[in-house]
Amino acid sequence: MKKKKKRVLVKRYGEKSTLYFRNWVYKPPRKTCADALNAAILANRCSYGDVSQVVHGEISLNFNPLRHKRRERRRLENEFKELIKQYP
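Please read all numbers here as calculations on a predicted model, not as lab measurements.

Chemist: Teacher, can you tell me more about unusual backbone geometry here?
Modeler: What is expected of a backbone is that most residues other than glycine have negative phi and most peptide bonds are trans. With phi around 60 degrees, Asn44 is a residue other than glycine that occupies positive phi space. Inspection of the secondary structure assignment puts Asn44 in the loop between helix 1 (30-42) and strand 3 (48-50).

Chemist: What's the story with the pattern of salt bridges in this structure? I'm lost.
Modeler: Applying the stated criterion to the full structure yields 4 salt bridges. One salt bridge connects Arg12 with Glu77, and the closest N-O pair in it is separated by 2.8 Å. A residue pair is termed long-range when its members are at least 10 positions apart, and Arg12 in strand 1 (residues 8-13) and Glu77 in helix 2 (residues 70-85) qualify at 65 residues. Judged by relative accessible area, which is 38%, Arg12 ranks as partly exposed. Residue class for Glu77 comes out buried when judged on its relative accessible area of 1%. Here Glu77 ties to Arg73 by a salt bridge, and the two come within 3.7 Å at their closest N and O atoms. Of the two residues, Glu77 and Arg73 are both situated in helix 2; the distance of 4 residues between them amounts to about one turn of the helix. On the basis of relative accessibility, which here comes to 14%, the residue Arg73 falls in the buried class. The network of salt bridges with common partners includes Arg12, Arg73 and Glu77.

Chemist: Got a minute to help me understand helix 2 in this structure?
Modeler: Residue pairs spaced three or four apart in an α-helix point in one direction, given the helix's 3.6 residues per turn. Between its first and last C-alpha atoms helix 2 spans 23 Å; for 16 residues at 1.5 Å apiece the expected length is 22 Å, and the two agree. Residues of helix 2 that are buried in the fold lie against strand 1, strand 2 (16-21), helix 1 and strand 4 (58-62).

Basis of the calculations
- Residues numbered from 1 in each chain as written.
- Predicted model: local features only at pLDDT ≥ 70, side-chain atom pairs only at ≥ 80, totals over all residues.
- Heavy atoms only, no water.
- Helix = DSSP H or I, 4+ residues; strand = E, 2+ residues; numbered from the N terminus.
- Salt bridge = Lys/Arg side-chain N within 4 Å of Asp/Glu carboxyl O.
- Buried < 20%, exposed > 50% of the residue type's maximum accessible area, 1.4 Å probe, protein only.
- Expected span 1.5 Å × (residues − 1).
- Contact = heavy atoms within 4.5 Å.

This is how it looks when you write it as structure tokens:
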């Protein structure tokens, strides 16, 4: 039997990035993710997001393509990936 990889996937649809992870592998606290998202919104690193589906393995980040550059978007996505991977 093969072991499934422990990874976090990022899907991008226009201005929306969604991070998917296996909820039985990674269990990040919802409050920690919400605090990180609120800090990113207040620092104008993203427009808005959703952490209500963390228990199902999903975090959404939304960006304004006129204001947020691709490099900044990927940097924030990587920060959330590292945040998720801190809680195995």
